Amino acid sequence: SAASLIVFHEAADDEEQMDLEDAIRDAAEDYRGDEFIKFYWACDPDAPLSSNIRQACKLGPVGHSPRMVLLDIPDDGNFFVSDENEISAETITNFLANYKDCKKGQI
């Protein structure tokens, strides 16, 4: 089964989106965990898929801060929400190492 790390930042400007993509790519390249994880970012407020996932994970409306979620649909639709507002390769890697300590939900 594959979990998905998704960073939502629909209110980001172009530069913030590029920084976000770079951080996610760096974290994906450096990730050495036991689980297979797919890495995604959601920056388009008009994309139905990202708004549906945002709603299912109870993230609330689009805000100025990014939101990071680990979504594991094959594992009964469990998801974990990070409290982290600063997104970098380091904070992503830290979240993946400690996500079980974060707020858990189920879609």
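Residues numbered from 1 in each chain as written. Predicted model: local features only at pLDDT ≥ 70, side-chain atom pairs only at ≥ 80, totals over all residues. Heavy atoms only, no water.

**Looking at the packing of aromatic side chains**
A ring pair, where both rings are aromatic, is described by two values, the distance of the centres and the angle of the planes. Stated formally: Only Phe, Tyr and Trp rings are paired, with Trp represented by its six-membered ring, and only when their centres lie within 6.5 Å; those with planes under 30 degrees apart are stacked, over 60 edge-to-face, the remainder tilted. To sort residues, take the accessible area from a 1.4 Å probe on protein chains only and compare it with the maximum for the residue type: under 20% means buried, over 50% means exposed, and anything in between is partly exposed. Going along the chain from the N terminus, every DSSP run of H or I of four or more residues is numbered as a helix, and every run of E of two or more is numbered as a strand.
By the definition in use, this model includes 2 aromatic pairs. Measuring from centroid to centroid gives 6.0 Å for tyrosine 31 and phenylalanine 39, while their planes differ by 65 degrees, and the two rings are edge-to-face. Summarising the burial analysis for this pair, tyrosine 31 and phenylalanine 39 share the class buried. Seen in terms of ring centroids, phenylalanine 80 and tyrosine 99 are 4.9 Å apart; in terms of plane orientation they differ by 70 degrees. Their pairing is edge-to-face. Pair noted here: phenylalanine 80 is in strand 4 (residues 78-81) and tyrosine 99 is in the loop between helix 3 (89-98) and strand 5 (103-106), with a separation of 19 residues, a long-range link. Classification of phenylalanine 80 by relative accessible area gives buried; the value is 9%.

**Brief notes about the packing of helix 1 (residues 14-30) against helix 3**
To keep things clear, this is the line we draw: Lines fitted to C-alpha atoms define the axes here, with helix axes fitted over just the stretch in contact, and angles between the N-to-C directions of these axes take values from 0 to 180 degrees. For classification, angles of less than 35 degrees are called roughly parallel, those exceeding 145 degrees roughly antiparallel, those between 65 and 115 degrees roughly perpendicular, and all remaining angles oblique. Should the near helix be turned anticlockwise from the far one by less than a right angle, the crossing is left-handed, and should it be turned clockwise, the crossing is right-handed. Residue contacts are counted whenever heavy atoms from the two residues lie within 4.5 Å of one another. Just so you know the grouping, Ala, Val, Leu, Ile, Met, Phe, Trp, Tyr, Cys and Pro go in nonpolar, Asp, Glu, Lys and Arg go in charged, and all remaining residues, Gly too, go in polar.
Where helix 1 meets helix 3, the closest approach of the two axes is 8 Å, and the angle between their N-to-C directions is 50 degrees. One element, helix 1, and the other, helix 3, form an angle in the oblique class. Along this stretch, helix 1 crosses helix 3, giving a crossing that reads as right-handed. Within the contact between the two elements, helix 1 uses Ala23, Ile24, Asp26 and Ala27 and helix 3 uses Ala89, Ile92 and Thr93. Among the residues forming the contact of helix 1 with helix 3, the class breakdown is 5 nonpolar, 1 polar and 1 charged.

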